[in-house]
Amino acid sequence: MATSTIVERPALVRQKRFSETYIGQWLTTTDHKKIGIMYMVTAFFFFVVGGLEALLIRTQLALPDGKVLDPQTYNEIFTMHGTTMIFLFVMPMFTGLGNYVVPLMIGARDMAFPRLNAFGYWIVLFGGLFLQSSFVFHAAPDSGWFAYAPLTECGVQGVNCIPATPSINMDFWALGVLLLGISSIAGALNFVVTIFKLRAPGMTINRMPLFVWMTLVTSFLLLFALPSLTAASGLLLLDRHLGTHFYQAAFNGDPLLWQHLFWSFGHPEVYILILPAFGIVSEVLPVFSRKPIFGYTFVAWSGVAIGFLSFTVWAHHMFAVGLPVVAQAFFATSTTLIAIPTAVKIFNWLATIYGGKLSFKTPMLFALGFVAMFLIGGLNGVALAIVPFDYQVTDSYFVIAHLHYVLFGGAVFAIFAAIFYWFPKMTGKLLNERLGQIQFWLMLIGVNVTFFPMHILGLLGMPRRIYTYAPDLGWNELNLLETVGAFIIAAAILVFLFNFVTSLRQGQPAGSDPWDAFTLEWDTASPPEPYNFKTIPVVRSRRPFYDKKNPETADWKVAVH
Amino acid sequence: MSVAYREGIPALEQVHDEGGRSVGWWGMMFFIASEALIFANLIAAYLYLEIRQGGHGWRLPSEIWYPLINTVILLGSSAPIHYIAAKGIEKGSQRRLIWGLLATIVMGAIFLGGQVYEYSSLISEGFTPQSQLFGSAFFTLTGFHGLHVTVGLIFLLIVFVRALNGHFTKERHFAFQAGEMYWHFVDAVWVFVFSIVYLLPLLRG
Ligand code: HEM
Ligand SMILES: [Cu+2]
């Protein structure tokens, strides 16, 4: 442990050490709250980077025969957009949020391995900068975020395609992803051990807040899914630099091996990106409905079920490659099965707000927006599990519509719900409510204007990953509309940034419990002291802080948990 | 946590220690689990490619005796670190700790040397990672294991030097314990790698 042995001796005038200066405190910190904040700020920075890349994409596609980006640059931009959003924005954002909130929620003083925690953060930062630095060398990755072989091996011995000379673009990708994987593994095992071993007395597994539950499941998914990506990109690097033949059909290797390895990481990964969002929404909806969550056990265990099932569905990304019919039937079935635990959650959330005293503050708006948008994304996901339909729309804009409804309408809405909800805890100030509402409505409109038409374009046959299109295909109006939508989203983000900066400076003081919340993190100062709790709380129900505030109607008096 | 100590607030671990394994033990376990899964993926890839190539079995151009002896040595190396070193330090015996570690390190190094020898004779026969798909798969899987043996050895060497300096006591020797866990893992994985690479083709005849 980073025990500083400095003893307070006011009489002595002592030179300040680096680790005691303001900057030094942040750079050398092992405090989960500081690390959490650093993760989130870094993730947001990469969100802006990925967002600018998205705006470039949409500017290029606004009109037919666009001239803003040349084909190679377009490939690099969409690859980096997807890679950045997934690996550098959503994942670190949830790691950061979990870092901040989980120890507080379970009544712990810190994560189990504070130094490993700091290590994980610095790896994310440098891994991210490493990936983005590829632009400086005009060598940004260009084979899409799932980096299909043999595209990634162009020019490598015996693999013929254009360009004929090997370039280092995909080395940036493979190495970057390996680095980020190390960090995620470190983070995940830290969460698992923290949640298993450092809970406050009485905080049994069945009393843990649902955000903690979902973080736990996510961490297991990371531990068990990331090794596939590590293996896959390791083999890719060997092919590229040692002359092995894993993905080279000309030497009996198999490009499909890449797809199998990648997607057996990739599908659990999409749940890694959404389960923490489920957790956030399951915290926010009850507080703003003044009711406990409906069907706690179902919400928790359906998350576990999703976790298991997510390892059995990977080849639904590969329907079009010519798998045996039996395999297609299997993966179609398992994919539709996973919709069941997901739908269970939707019903739980609806039942939670049903009959509640709803208060439509910004966190609540984003949480409700999440439920609506995620429902759309989930339904068209089930559509994609229908194999004959998938044949028609795979690799078209329909898929892009689907993934953005779940990732933007889902993950990003939940992230903003979380930011508005926990910002007062982290800073002691409230974000401006009016600006929050404006941002929410702009985003809701923007997301639907941008991504809904993509369904139609997909059905009209517009393929994804094309850098431009001819004017006579009937795609012009919808593409222009989407670009308008993208700039509406950008406006919403600007409103947020303005809100963030001004509220940080002169926001309304929040007090320690602005939402009259239920869980332990609110039973501390805002922001909490470095050691979180003066005395470790003793927990007797699922809503320990609610109990403390309402001893007459405490949960443990009425219900038996 | 430092601050908590300074203000005289007990750290959580002291408030309620439910007993059971230490936090470090669990951390190490999950780390090993995810490493084991990398091996599982590589083994799956190996079998997938072998089957796709016709499933006739991939047989090395060399004899099996040499790797077999090597295997016995590697598996044997798990004994001294457990029965001599670990049991020793649990009773507070520094001498047993040091000798047990040394025996394991020497056996591990012999294994590694054997692997280098095997590689060089295969390569001189023209069987290389580049020569054919089997070569790619063979050298990658066994080489990845060799890398783990190397890391394990470095780990144990550090522990050994610390043991020489008397850093470990009966109660406090987690670094040693972690090293031992890692070494057992490296051994156990070899059982799988060896069975798939060397024994499976024999079964197919
Ligand atoms: C302003 C917001 C956004 C806009 C306008 C936007 C736009 C787009 C477009 C047009 C594509 C398709 C590129 C192509 O196939 O040619 C795309 C791909 C993608 N987007 Fe976004 N996006 C936005 C936000 C996000 C977010 C927040 C995420 C994830 C959390 C995300 C994840 C992805 C992924 C994974 C791909 C696939 C990349 C690939 O094909 O390799 N996007 N985006
Ligand atoms: Cu999937």
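Here, the structure is the one placed above.
Being a predicted model, the structure only gives us computed values, none of them experimental.

1. Here's the deal with the overall build of chain B
Line of reasoning, step 1. From N to C terminus, chain B includes eight helices and zero strands.
Line of reasoning, step 2. Walking chain B from its N terminus toward its C terminus, one meets helices and strands in the order α-α-α-α-α-α-α-α.
Line of reasoning, step 3. Each of the 205 residues in chain B was classed as buried or not, and the buried ones make up 47%.
Line of reasoning, step 4. For chain B, contacts bridging at least 24 residues in sequence account for 77% of all contacts bridging at least 6.
Line of reasoning, step 5. Working note: accessible area of chain B is about 9900 Å², and carbon and sulfur atoms make up 66% of it.

2. Examining the pattern of salt bridges
All names here are of chain A.
Line of reasoning, step 1. All chains considered together, the criterion is met by nine salt bridges over all chains.
Line of reasoning, step 2. Two residues, Arg290 and Asp516, come together in a salt bridge whose shortest N-O distance is 3.1 Å. Here Arg290, found in the loop between helix H8 (275-289) and helix H9 (296-309), pairs with Asp516, found in the loop between helix H15 (476-506) and helix H16 (544-549); they are 226 residues apart in sequence, far enough to count as distant.
Line of reasoning, step 3. Taking the shortest distance from any N to any O, the salt bridge between Asp523 and Lys548 comes out at 2.9 Å. With Asp523 in the loop between H15 and H16 and Lys548 in helix H16, this residue pair connects regions lying 25 residues apart in the sequence.
Line of reasoning, step 4. The exposure class assigned to Asp523 is partly exposed, which follows from its relative accessible area of 23%.
Line of reasoning, step 5. Members of the salt-bridge network, linked through shared partners, are Arg290, Asp513, Asp516 and Lys549.

3. Details of the site of ligand 1
All names here are of chain A.
Line of reasoning, step 1. In the vicinity of ligand 1, 24 residues are found, and the nearest of them are Tyr74, His81, Trp145, His404 and Arg465.
Line of reasoning, step 2. Of all elements in the fold, only helix H2 (32-61), helix H3 (71-105), helix H13 (397-427) and H15 reach the threshold of two or more residues within the shell around ligand 1.
Line of reasoning, step 3. In terms of residue class, the shell around ligand 1 is made up of 17 nonpolar, four polar and three charged.

4. Side note on the environment of Ile77 of chain A
All names here are of chain A.
Line of reasoning, step 1. Its place among the elements puts Ile77 in helix H3.
Line of reasoning, step 2. When the C-alpha positions of Ile77 and Pro64 are compared, they lie 18 Å apart, and in sequence the two are 13 residues distant.
Line of reasoning, step 3. Among residues more than four places away in sequence, those in contact with Ile77 are Glu53, Leu56, Ile57, Leu69 and Phe135.

5. Here's the deal with the coordination of the copper ion (ligand 2)
All names here are of chain A.
Line of reasoning, step 1. The protein atoms that coordinate the copper ion (ligand 2) are His267 (ND1), His316 (NE2) and His317 (NE2), at distances spanning 1.7 to 2.0 Å.
Line of reasoning, step 2. If you list the donors of the copper ion (ligand 2) from N- to C-terminus, the spacing comes out as H-x48-H-H.
Line of reasoning, step 3. Look at His316 and you get buried, because its relative accessible area is 14%.

6. Thoughts on the coordination of the iron atom of ligand 1
Residue and element names in this part refer to chain A.
Line of reasoning, step 1. Protein coordination at the iron atom of ligand 1 comes from His81 (NE2) and His404 (NE2), with a distance range of 2.0 to 2.1 Å.
Line of reasoning, step 2. Geometry at the iron atom of ligand 1 is octahedral, judged from the six donor atoms that bind it and their angles of 86 to 179 degrees at the metal. Of the two residues, His81 sits in helix H3 while His404 sits in helix H13, which places them 323 residues apart along the sequence.
Line of reasoning, step 3. On the basis of relative accessibility, which here comes to 13%, the residue His81 falls in the buried class.
Line of reasoning, step 4. His404 gets classed as buried once you look at its relative accessible area, which sits at 16%.

7. A look at the nonpolar core
All names here are of chain A.
Line of reasoning, step 1. With 229 residues, the main nonpolar core has Phe370 and Phe416 as its most contacted residues.
Line of reasoning, step 2. Looking at this core element by element, the count peaks at 20 residues for H13.
Line of reasoning, step 3. Residues in contact with Phe416, not counting those within four places in the same chain, are Phe44, Phe47, Phe366, Gln439, Met443, Ile493 and Phe496.

Rules used in this analysis
- Residues numbered from 1 in each chain as written.
- Chains lettered and ligands numbered in written order.
- Predicted model: local features only at pLDDT ≥ 70, side-chain atom pairs only at ≥ 80, totals over all residues.
- Heavy atoms only, no water.
- Helix = DSSP H or I, 4+ residues; strand = E, 2+ residues; numbered from the N terminus.
- Buried < 20%, exposed > 50% of the residue type's maximum accessible area, 1.4 Å probe, protein only.
- Contact = heavy atoms within 4.5 Å.
- Areas by Shrake-Rupley, 256 points an atom, 1.4 Å probe, with all protein chains shown as cover.
- Salt bridge = Lys/Arg side-chain N within 4 Å of Asp/Glu carboxyl O.
- Near = heavy atom within 4 Å.
- Nonpolar A, V, L, I, M, F, W, Y, C, P; charged D, E, K, R; others polar.
- Donors = N, O, S within 2.8 Å, 3.2 Å for Na, K, Ca; no water.
- Tetrahedral: all angles 85-135°; square planar, octahedral: opposite > 155°, others 65-115°.
- Core = buried A, V, L, I, M, F, W, Y, C linked by side-chain atoms within 4.5 Å.

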